[in-house]
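Residue-level listing of the chains:
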Amino acid sequence: ESARHPSNGPMEVNEQRRSRSPANSRRRGLVYGVLAYGLWGLAPAFWKQLAHVDAPELLAHRAVWGLGTFLVLVAIAGQGEPLVRALRDRKLLGLMFVSGALLALNWGIFVWAAIRGHLLEASLGYFINPLISVAIGTIFLRERLTRLQWIAIVLAAIGVGVLTWRAGKVPYISLLLASTFGLYGTIRKLAKVDALVGSTIETALMVPIAIGYLVYDRAFGVLGHGSAADHVLVISTGVVTAIPLILFTSAARRLPMSTVGFLQYLAPTGQFLLAVLAYGEPLAHEKLVAFGFIWTALVVFSVNLWRTASLARAAARRS
C-alpha cells in the first residue's frame, strides 16, 4: 500500500509532528513551571547561606545584581527598544515605582524571615497569597466571586484567625507577604508592559537607593570585606532572582493560566518542607490546624479553577 502512495509517508509524518507539537509545548511548559516554582520553593536554602548578612544589605545587593542580570536578559531577548519606550512613559514609570516599592518590601520581609527562622510564617503567606489576590480583585477591580471562591476565602480567614487566637498576636509576616505580593500582582496587571521589561524597570528604580545604602551606610558591606564564598553568593543574588522568572515566563506562554495557578502552590510547599524538615522550625498544633484550613481553602480554590477552565473549553468547542 505504501508503495502505491509513496508521497503519503512524509506528509503523514509531518502531520503527526504538527499534531503532537501543542502537546510537546505543554509538556515543556509544565517542566519549566515546575522548575520555576521549585526554585522559588528552595530559595530560602540559598538565603540561609547569607544569614550573617543583614536583610537590608541583602535586599540592596539583590537589586543591584538583579538589574545587571535583567539588562543582560533584555539584550539577549532583543527587548532594548521596548525598554526605552517604556522608560519614556511617565504614567507607566509611576506604576512601576509603586510596584517596585511593593516588591522591595516583599523581598525584604521574605529574606528576613528566611534567615531569621520564620520560614513557616513566610510559607503561610504565600499559601494565602492567591486568595488575597482574589479578594483584591473583588474589592478594587470589581471582579465577581463564585460560591467556591467565597468558601475558600472564608476557610483561609478561619486559618489566619486560629493563628491569631492561639498565638495571641496577628501573623503579621504571613499577612504582609501575602498582601504586598497581592497588591504587586494587581499593579502589574494594570501596567501594560512585558514581564521582562517591567521587572527591569522595577529593579532599576530600586538601584539608586540600594547603591546609596551600600556606599554610605555599609561601604558595600560584605562585598570587599567578606570571604570568597560570600562574594560569589552576593553576586549570585541577581541570577537567583532572574532564572525562576525566565522559567516562569516560558511556562506561562505554554500553559493555561489554571495550570499556572495550580503550580504556584509548589513554592510555599517547598518552603514549608524546608522549614520543618531541614531547619527544624517547630510546627505547633495551632499552626498545623491553621495550615489545615489554608490547604482546604486551596483545594476548594483549585477545584474552582478546574471547573472554570473546563467550562471555558466546553464553550470554545461549542463555538
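Every value quoted in this text rests on a predicted model; they were computed, and no experiment measured them.

Asks: Describe in detail the overall build of the protein, supporting the description with residues and values.
Replies: Secondary structure summary: the protein contains twelve helices and zero strands in total. Listing each helix as α and each strand as β along the protein from the N terminus yields α-α-α-α-α-α-α-α-α-α-α-α. Expressed as a percentage of the 319 residues in the protein, the buried residues total 41%. Excluding contacts between residues fewer than 6 apart, the proportion of contacts in the protein whose partners are at least 24 apart in sequence is 84%. Accessible surface, the protein as shown: approximately 17,100 Å² in total, 67% of it carbon and sulfur.

Asks: So, helix α5 (residues 119-140): which residues are in play, and what are the values?
Replies: A rise of 1.5 Å per residue sets the reference length of α5, with its 22 residues, at 32 Å; its end C-alpha atoms lie 30 Å apart and thus fit the reference within 8%. Burial of α5 is extensive: 16 of the 22 residues sit out of reach of the surface. Following α5 by one or two positions, R142 has its phi on the positive side, about 60 degrees.

Asks: Which residues make up the pattern of salt bridges, and what values go with them?
Replies: All told, the structure shown has one salt bridge when counted by the stated rule. A salt bridge links R188 to E202, with the shortest nitrogen-to-oxygen separation between them at 3.2 Å. Taken together, the residues R188 in helix α7 (residues 172-190) and E202 in helix α8 (residues 195-217) connect sequence positions 14 residues apart. Each of the two residues, R188 as well as E202, counts as buried.

Asks: Outline the side chain of T237, supporting the account with residue identities and numerical values.
Replies: Its place among the elements puts T237 in helix α9 (residues 228-254). You can call T237 buried: its relative accessible area is 0%. Apart from residues no more than four positions distant in its own chain, T237 is found in contact with F46, W47, L50, H61, R62 and W65.

Asks: Talk me through the nonpolar core; I want residue IDs and the actual numbers.
Replies: Ranked by size, the top nonpolar core spans 47 residues in total, and within it W47, L50, L58, F110, L119, L177 and I294 carry the most contacts. Looking at this core element by element, the count peaks at nine residues for α5. Not counting residues up to four positions away in its chain, the partners in contact with L119 are P44, F110, A113, A114, Q271, L274, A275, Y279 and E281. Within the second largest apolar cluster, 14 residues are counted, among which are L73, A86, L92 and L196.

Asks: Explain the packing of α5 against α7 residue by residue, including any values.
Replies: Look at α5 against α7: their axes get within 7 Å of each other, and the N-to-C directions meet at 40 degrees. Taken together, the axes of α5 and α7 lie oblique to each other. The handedness of the crossing between α5 and α7 comes out as right-handed. Mapping the contact onto sequence places E121, A122, L124, G125, Y126, I128, N129, I132, S133 and I136 in α5 and I173, S174, L177, A178, S179, F181, G182, L183 and T186 in α7. By residue class, the composition of the contact of α5 with α7 is eleven nonpolar, seven polar and one charged.

Asks: I'd like a rundown of the confidence of the model for the protein, residues and numbers included.
Replies: Per-residue confidence for the protein gives a mean pLDDT of 81, with 87% of residues at or over 70. When the elements of the protein are averaged for pLDDT, helix α10 (residues 257-263) gives the smallest value, 63, and helix α3 (residues 80-87) the largest, 94. The low-confidence segment residues 1-19, where pLDDT is below 50, has zero contacts with residues more than four positions distant or belonging to other chains.

Asks: Hey, could you go over the side chain of T241 for me, with residue numbers and the actual values?
Replies: Within the fold, T241 resides in helix α9. A polar contact of 2.8 Å, which involves the side chain of T241, links it to the side chain of R62. When residues no more than four places from it in sequence are discounted, the contact partners of T241 are R62, F70 and W107.

Asks: Kindly report on the environment of R26, identifying the contributing residues and their values.
Replies: Take R26: it is sitting in helix α1 (residues 8-48). The spatial distance from the C-alpha of R26 to the C-alpha of L255 is 5.8 Å, given a sequence separation of 229 residues. Excluding residues that lie within four positions of it along the chain, R26 makes contacts with R254 and L255.

Asks: Tell me about a nonpolar patch on the surface, and name the residues and values.
Replies: A surface patch of nonpolar side chains, about 420 Å² in accessible area, is lined by W112, V170, Y172, L175 and L176. With three residues, α7 is the largest single contributor of residues to the nonpolar patch.

Asks: Give me the packing of helix α4 (residues 90-115) against α5: which residues, what numbers.
Replies: Look at α4 against α5: their axes get within 8 Å of each other, and the N-to-C directions meet at 145 degrees. The crossing of α4 and α5 is left-handed. Where α4 approaches α5, its residues N106, F110, A113 and A114 are matched on the opposing element by L119, A122 and Y126. Across the contact of α4 with α5, the residue classes break down as six nonpolar, one polar and no charged.

Asks: Give me the packing of aromatic side chains: which residues, what numbers.
Replies: What describes a pair of aromatic rings is the distance from one ring centre to the other and the angle between the planes of the rings. All chains considered together, the criterion is met by eight aromatic pairs. Aromatic pair Y126 and F181: ring centres 6.2 Å apart, planes at 80 degrees, arrangement edge-to-face. Of this pair, Y126 sits in helix α5 while F181 sits in helix α7, placing them 55 residues apart in sequence. Using a relative accessible area of 16% as the deciding quantity, one classes Y126 as buried. A residue is classified by how much of its surface remains accessible, and F181, at 31% relative accessible area, is partly exposed. Ring geometry for F272 and W295: centres 5.3 Å apart, planes at 80 degrees, overall edge-to-face. Of this pair, F272 sits in helix α11 (residues 266-278) while W295 sits in helix α12 (residues 285-318), and the two are 23 residues apart along the sequence. For W295, a relative accessible area of 31% puts it in the partly exposed group. Taking the ring centre of Y279 as reference, the NZ or CZ of K48 above it sits at 4.7 Å. Directly above the ring of W107 sits R62, whose terminal nitrogen or CZ lies 4.2 Å from the centroid.

Calculation notes
- In every chain, residue numbers begin from 1 and rise along the written sequence.
- Totals for whole chains, interfaces and linings use all residues, but because this is a predicted model, local features are given only for residues with pLDDT of at least 70 and pairs of side-chain atoms are given and counted only at 80 or more.
- The basis for the side-chain values is all heavy atoms of the structure; hydrogens and waters are excluded.
- Each helix is a run of DSSP H or I of at least 4 residues and each strand a run of E of at least 2, with the numbering of both proceeding from the N terminus.
- Relative accessibility decides the category of a residue: with a 1.4 Å probe and only protein chains considered, values under 20% of the type maximum give buried, values over 50% give exposed, and everything between is partly exposed.
- Whether two residues are in contact is decided by their heavy atoms: any pair within 4.5 Å suffices.
- For the accessible areas, the method is Shrake-Rupley and the probe is 1.4 Å, while residue cover comes only from the protein chains on display.
- How far a helix is expected to stretch is found by multiplying one less than its residue total by 1.5 Å.
- Salt bridges are counted wherever a side-chain nitrogen of Lys or Arg sits within 4 Å of a carboxyl oxygen of Asp or Glu.
- To form a nonpolar core, buried Ala, Val, Leu, Ile, Met, Phe, Trp, Tyr and Cys residues must be joined to one another through side-chain atoms within 4.5 Å.
- Axis definition: a line fitted to C-alpha atoms, limited for helices to the stretch in contact. Angles are taken between N-to-C directions and run from 0 to 180 degrees.
- Roughly parallel refers to an angle under 35 degrees, roughly antiparallel to one over 145, roughly perpendicular to one between 65 and 115, and oblique to any angle outside these ranges.
- Note on convention: the crossing is left-handed when the near helix lies turned anticlockwise from the far helix by less than a right angle, right-handed when the turn is clockwise.
- Here the term charged refers only to Asp, Glu, Lys and Arg, the term nonpolar to Ala, Val, Leu, Ile, Met, Phe, Trp, Tyr, Cys and Pro, and the term polar to all other amino acids, Gly among them.
- pLDDT is a residue-level measure of predictor confidence that goes from 0 to 100.
- Within 3.5 Å is the distance limit for a polar contact, defined as a pair of N or O atoms, with the added protein rule that one can donate a hydrogen and the other accept it, and that residues adjacent in sequence qualify only through two side-chain atoms.
- Patch definition: residues above 30% relative accessible area lacking any salt bridge, with like charges linked at up to 9 Å and the nonpolar side chains Val, Leu, Ile, Met, Phe, Trp and Tyr linked at up to 5 Å.
- Aromatic pairing here means that ring centres of Phe, Tyr or Trp (its six-membered ring) are within 6.5 Å. Orientation follows from the plane angle: under 30 degrees is stacked, over 60 is edge-to-face, and everything else is tilted.
- By the criterion adopted, a ring carries a charge over it if an Arg CZ or a Lys NZ lies within 6 Å of its centre and within 35 degrees of its normal.

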